[in-house]
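Below are the chains, spelled out letter by letter.
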6 protein chains.
Amino acid sequence: MRIRVVNPNTTRAMTDLIERCAGAVAGPGTRLDAVTATMGPPSIESHYDEALSVPGVLDAIRRGEADGVDGYVLACFGDPGLDAARELAAGPVVGIAEAAMRTAAHLGRGFSVVTTLGRTAGRAADLADRYGMRRFCLGVHACELPVLSLHTDPDARKIITEACRTAVETDGSDAVVLGCAGMADLCAHLREEIGVPVVDGVAAATLTVQSLVAQGLRKSGRGEFASPPPKEYVGLLRDFGTG
Amino acid sequence: MRIRVVNPNTTRAMTDLIERCAGAVAGPGTRLDAVTATMGPPSIESHYDEALSVPGVLDAIRRGEADGVDGYVLACFGDPGLDAARELAAGPVVGIAEAAMRTAAHLGRGFSVVTTLGRTAGRAADLADRYGMRRFCLGVHACELPVLSLHTDPDARKIITEACRTAVETDGSDAVVLGCAGMADLCAHLREEIGVPVVDGVAAATLTVQSLVAQGLRKSGRGEFASPPPKEYVGLLRDFGTG
Amino acid sequence: MRIRVVNPNTTRAMTDLIERCAGAVAGPGTRLDAVTATMGPPSIESHYDEALSVPGVLDAIRRGEADGVDGYVLACFGDPGLDAARELAAGPVVGIAEAAMRTAAHLGRGFSVVTTLGRTAGRAADLADRYGMRRFCLGVHACELPVLSLHTDPDARKIITEACRTAVETDGSDAVVLGCAGMADLCAHLREEIGVPVVDGVAAATLTVQSLVAQGLRKSGRGEFASPPPKEYVGLLRDFGTG
Amino acid sequence: MRIRVVNPNTTRAMTDLIERCAGAVAGPGTRLDAVTATMGPPSIESHYDEALSVPGVLDAIRRGEADGVDGYVLACFGDPGLDAARELAAGPVVGIAEAAMRTAAHLGRGFSVVTTLGRTAGRAADLADRYGMRRFCLGVHACELPVLSLHTDPDARKIITEACRTAVETDGSDAVVLGCAGMADLCAHLREEIGVPVVDGVAAATLTVQSLVAQGLRKSGRGEFASPPPKEYVGLLRDFGTG
Amino acid sequence: MRIRVVNPNTTRAMTDLIERCAGAVAGPGTRLDAVTATMGPPSIESHYDEALSVPGVLDAIRRGEADGVDGYVLACFGDPGLDAARELAAGPVVGIAEAAMRTAAHLGRGFSVVTTLGRTAGRAADLADRYGMRRFCLGVHACELPVLSLHTDPDARKIITEACRTAVETDGSDAVVLGCAGMADLCAHLREEIGVPVVDGVAAATLTVQSLVAQGLRKSGRGEFASPPPKEYVGLLRDFGTG
Amino acid sequence: MRIRVVNPNTTRAMTDLIERCAGAVAGPGTRLDAVTATMGPPSIESHYDEALSVPGVLDAIRRGEADGVDGYVLACFGDPGLDAARELAAGPVVGIAEAAMRTAAHLGRGFSVVTTLGRTAGRAADLADRYGMRRFCLGVHACELPVLSLHTDPDARKIITEACRTAVETDGSDAVVLGCAGMADLCAHLREEIGVPVVDGVAAATLTVQSLVAQGLRKSGRGEFASPPPKEYVGLLRDFGTG
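Residues numbered from 1 in each chain as written. Chains lettered and ligands numbered in written order. Predicted model: local features only at pLDDT ≥ 70, side-chain atom pairs only at ≥ 80, totals over all residues. Heavy atoms only, no water.

(A) Local environment of the pairing of strand E5 (residues 111–115) of chain C. Residue and element names in this part refer to chain C. In terms of burial, E5 is a largely internal element, five of the five residues being buried. Side chains Phe111, Val113 and Thr115 project from E5 onto one buried face, and the interleaved Ser112 and Val114 project onto a second face that is buried too. By the bridge criterion, five bridges tie E5 to strand E6 (residues 137–142) in an arrangement that is parallel. If you follow Phe111 over to E6, its bridge partner there is Cys137. For the crossover from E5 across helix H5 (residues 121–130) to E6, the handedness is right-handed. (Buried < 20%, exposed > 50% of the residue type's maximum accessible area, 1.4 Å probe, protein only. Helix = DSSP H or I, 4+ residues; strand = E, 2+ residues; numbered from the N terminus. Pairing = 2+ DSSP bridges. Right-handed = clockwise from strand over helix to strand, strands pointing away.)

(B) The interface of chain B and chain C, seen in detail. Every contact between the two is made by 46 residues of chain B and, on the other side, 46 residues of chain C. Buried surface at the junction of chain B and chain C, summed over both partners, amounts to about 3,500 Å²; 55% is from carbon and sulfur atoms. Looking at the side of chain B facing chain C, the largest losses of area belong to Arg102(B), His106(B) and Gln215(B), adding up to 20% of the total buried there. Taken together, the links from chain B to chain C amount to 19 residue pairs in polar contact (both at pLDDT 80 or more). For the side of chain B that touches chain C, the secondary-structure elements that each account for two or more residues are helix H4 (96–104), helix H5 (121–130), helix H7 (187–194), strand E8 (198–199) and helix H8 (201–214) of chain B. With seven residues, the single largest contributor to the side of chain B that touches chain C is H8(B). Per-class residue counts for the side of chain B that touches chain C are 22 nonpolar, 10 polar and 14 charged. (Contact = heavy atoms within 4.5 Å. Buried area = accessible area lost by both parts, 1.4 Å probe. Polar contact = N/O pair within 3.5 Å; in protein donor to acceptor, adjacent residues only side chain to side chain. Nonpolar A, V, L, I, M, F, W, Y, C, P; charged D, E, K, R; others polar.)

(C) Examining the domain arrangement of chain A more closely. All names here are of chain A. Once the domains are mapped, chain A shows domain 1 (2–96 + 203–240) and domain 2 (97–200). For domain 1 versus domain 2, the distance between C-alpha centres works out to 22 Å. Opposite the 27 residues of domain 1 that make contact, domain 2 presents 29 residues. Regarding the contact of domain 1 and domain 2, the summed buried area is about 2,000 Å², with carbon and sulfur atoms giving 61% of it. (Domains from an automatic or database assignment.)

(D) Broad picture of the pairing of strand E1 (residues 2–7) of chain F. All names here are of chain F. Across the six residues that make up E1, a large majority, six, are buried. Where burial is concerned, the two faces of E1 agree: the one with Arg2, Arg4 and Val6 and the one with Ile3, Val5 and Asn7 are both buried. Note: E1 against strand E2 (residues 31–36), six bridges, orientation parallel. Note that in E2 the partner of Val5 across the bridge is Ala34. Two elements, E1 and strand E3 (residues 71–74), share four bridges in a ladder whose sense is parallel. Across the sheet, residue Val5 finds its bridge partner in E3, namely Val73.

(E) Spatial organisation of the arrangement of the chains. Separated without contact, chain A and chain D have their nearest C-alpha atoms at a distance of 17 Å. Taking C-alpha atoms as the reference, chain B and chain E come no closer than 17 Å and do not contact one another.

(F) Representation of the relation of the copies chain A and chain B. The transformation that overlays chain A on chain B combines an axial shift of 0.0 Å with a rotation of 180°, and the residual RMSD is 0.0 Å. This pairing of chains is accounted for by a two-fold axis. By residue overlap, the copies meet face to face through one surface: 100% of the interface positions of chain A are interface positions in chain B. (Least-squares fit on C-alpha atoms with pLDDT ≥ 70 in both.)

(G) Examining the interface of chain A and chain B more closely. Tallying the contact residues gives 42 residues for chain A and 42 residues for chain B. Carbon and sulfur atoms make up 63% of the area that chain A and chain B hide from each other, which totals about 3,600 Å². Across the chain A-chain B interface, the total number found is six salt bridges. The shortest N-O distance in the salt bridge between Glu45(B) and Lys231(A) comes to 2.8 Å. On inspection of chain A and its partner chain B, the count reaches 26 residue pairs in polar contact (both at pLDDT 80 or more). When contributions to the side of chain A that touches chain B are tallied by element, the ones reaching two or more residues are helix H2 (47–67), helix H3 (82–88) and helix H5 (121–130) of chain A. It is H2(A) that provides the largest number of residues to the side of chain A that touches chain B, a total of eight residues. Looking at the side of chain A that touches chain B residue by residue, the classes come out as 21 nonpolar, 11 polar and 10 charged. (Salt bridge = Lys/Arg side-chain N within 4 Å of Asp/Glu carboxyl O.)

(H) Local environment of the relation of the copies chain B and chain C. Expressed as a screw operation, the relation of chain B to chain C combines 0.0 Å of axial shift with a rotation of 180°, fitting to an RMSD of 0.0 Å. In this assembly, 100% of the residues forming the interface of chain B have copies in chain C that are likewise at the interface, indicating an isologous arrangement.

(I) Structural view of the pattern of salt bridges. Under the definition given, this model contains 114 salt bridges over all chains. Between Arg165(E) and Glu162(E) there is a salt bridge, and its shortest N-O distance comes to 3.3 Å. Taken as a pair, Arg165(E) and Glu162(E) lie in helix H6 (residues 156–171) at a separation of three residues, close to a single helical turn. Residue class for Arg165(E) comes out partly exposed when judged on its relative accessible area of 28%. Each of Arg109(A), Arg135(A), Asp126(E), Asp129(E), Arg134(E) and Glu224(F) takes part in one network of salt bridges that share partners.

Next up, the structure:
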């Protein structure tokens, strides 16, 4: 079984981190790799960044199909391009936000999301709605650290730990969902510090894809998620045409 | 007051149609033009098409800002890139789906959406949810005509008329919302045939933007919809970087 | 195009204020006037006041129909008698609460309503529900000033400004919706002070009606909002009979 | 204990019927009477009728307070003026729609409402929403009989019986809620014919009020439902002023 | 009319208390008794306790059917086994949580629930959802007193009074719903102290059952709540078999 | 890693079937077994059966804890006793309904549930609500086959296949969720026949538990799902006491 984790931003160091975290939970029969988006922003911190990460995501899926990949993880908490990726891929595509939220929903009454910048909290709430997770998502909290400083700011770990603690107390929640793939490696540390389960979407989505493939589950070939109708594209994006 | 209507697909004939329909309702003090996306798909009929129309939309907004445009209409019923466009533009940006649905909600208990291909119905339902219009949106109906055949198929008008009639009867709705910018010129004809109000999103959004500008209303400059944080982009999309 | 703004209370000074604010945004082709309810309470600050303002509203609509009015604004934030007025009028009728909320929903993730007395907050929340705006309406805040003191209390402006500031901070909202027609003239001042968009329902509803008329949109003549079945009324209200 | 049933329309024969049905279920310690609205429409079949029945309802409550009434039933399925009546009365006020729906919710998974004219179905659905009964209200069905023909049309009983049968089959519901006070006397007949519980709001509300009074439960004297602030009214409604 | 109140826990003193409170509101024609569960936990303070109180509840219903009981109250705020009890009984079965919440919903915009241990708050919120009461249930507050200390802890009355006061202020609610049958006797005291209506579910449910029986209302004999299909049970529970 | 699948009914043949289906998808490092409830009904087809299967489920969890089991599957589509089981177990407990619904939600816009008797459809809908899956659960369809005839009725396979086909067509769904553990072995057959993904909850829940354990995720030890407070139980259930 071949699973590919797509890092929707262009920062290779983050891809490496994600690959390590995904690999740590994947089963022995799973061949897992991670790829970096070939175009777009180095980190995703606005609707603009997210929208413009989507062509890179779709490009990665297209290559993955050529490589015979069985399932994909989209490793950015905005789940950029998820619907389009599902049309394109034959196998399952799972975003880390949907996987993390649905995983956390098995652990108790509700969870808090702890994310990077406050301006991305709205997107997390939109996704909670869309995935039917609003009743489980008791709050979205920002630690106001930019994505790329998660591993360079010397206080990052402390700041995130405090944000998690505050989130759990404020919301009365049973679990924390990490709102950024770049926090994946802090998961064990935070769990210990806070004393509640902490869910990393990269691990959750990797195992969700692995489970879907193990069950032979993939989207229906007809209807909304069938392959997109072939057509000619023009301009900068002409190579995305499927005509 | 300068309003620009952005056609998210690359088909110029559709831009002309849209410009005519928008111009027909705009006030005397409004200077209105329509632009065609410079990249992407010739019509939007899948999540894939929609996702890949977004760079063209954002490119058009960026140019509009340089041109001193006061407000924008996104003239595709999937409202592609709306959140990102709002971050980018100083003035209001309104999608035709949100404008059409909110307009129709003033006319009675509920409306039916009549769209092109059935595979796009899910997106219309998602938008109804997101805009708080689920209780007004009583059904989404497809006439299974591809966008570009709306003006070439000799039976198109008849097929759409029938789809509207069926939708109103099935849903017991008070109005029809046209689910594609390419149907804008059929609005008056359908209203007469069906006997209920028919809302064209291009007209509705043009007047919504005009009203917002007349009231001096624009997004708050802080928080979720502030300008995206500047950063370097790479690869094919490098020119979208704002660093 | 003739638009009439109905002040549901019997205070002429407030009608004058409303007329000025509506006139300031109406287009050049719009002939706009405002009328005062001929019966009922001088201000609307309870469910009781609101219920008893409705006969005055319906009387104003009936006269408007005789005068050939094309569309109506109901200028009280409780939108009193909206459904009944829609049955009675041939053209569109729009309440300032529905127009203000739907307008604000185009400006960001959510808004705060700032109203007069706390006892009216429940009605605002009910309307948010009914209009599908609950997900956009992040809070309703009272400044505890009676309607008629909005222009006589020397501290009114300061109190309202503070209430708006608190509302935005508490709710993390992107905009303020003014919860009383009597606040219409404070809109520009508040916007400047608070730094977020402030929506006045009188302006918003005037432009909504103007846009509906420009699109030729009016309720369907059949079904729930058809003219009420004719019948004899008795007692004090006998003149309201349509038999 | 004194309970007064208010018939919001001006048709005395209907008041008699309502009084009989309410009296049939009231307890031995309950002194029950029914009053006819002194102003407004002879039957309520539109939003217009409903709005204009409210002054008559409030007039009846005012008289009831002078008479020392302990609790009130509003005997029209639109629950006209309920919020305002609650402000005015010291004791509980219950509408037949809210009582019927909440009573039926104790009987199974869901109920169907069977009402008179189709144009009133929207009001019933609005009330279901407002009372939190949307998940129990599986459908609203009209038999298209005007209120005043319920007892004059020789086929009325048969038509209503058929409407109930169809409603239960279509909705898969466990109970029928009668959507008009004028159907109260058919309750037993319908129950027998259809084989599912049939709830008459007049009986349900009478017993609900009786139970509330028995528990000493009445609205809080402060907040939204406190007595309306006193003020001078003008015009036709001047006598409704509380100043 | 015979009504039986079932105490789902095994503590006789609590049954006595419940019987007194129910008897105090029942009508003169009602023959009321209370029974103690013959198996299970002495108090219900976890999902585990609640689940294991259900066999005792069903056993009590079975005996009640043999005794010709007309309707039942389940006197624990978790409404344990309600759906199963409805299948088993010919007459109505009402839980104190559903009765209390629906009763409180007639009194204003919303209520606060005050319960014993914080760990039971989630169950109360689940029930509010299931009964369509989420919009009325403005908060669930715990006083962190175990059920059996409600009448032994010398500070219990003071602690509960404070919890009610805090709940009403925090939630801005119009009423308090007592979240435990063991608080039934404090109802009058709390009402006086807090100054808002306080609803005891034991009284509310007793009167709800009495009203249902008075109206001749009982579940439909077919569908989801028909008698359970007969079958052989094995092991410890073999006597529950209905085969 | 040790996973135990609990069959909440007492029919050993069904346990064997479930164990086979769970074992077919479990990873190589997973030691999996299935146990049969030691008390209660031979199949679960009513709220009564479901409620009385819970003691057997909890007994199985208690034994599992003694055996050092790492996680549990509850293999009945009503997810009986899930909350109580979560309190009791140190590791994750997952019901087949929640796992199946959340798994299917990754595959498209929505799924249909196909269940055994129509009287159980309400429970499935309740669970969809509780798990936040209502927007994905487009319909619940019964094939009206008793659980124990799924493998004895010669037409069972054909009847279920037809029910699935009808469900997908009626609901316009992207997937089928099997509403009974006893259908687990039909999954592959149905997928082929119907042409859409078919989700078996036994497989889905087994992999969900395996994934949770692999991530080291278990409920928080405090709050609602902490171990139940110890207490003495009496009567038939005295051995369930934890005092």
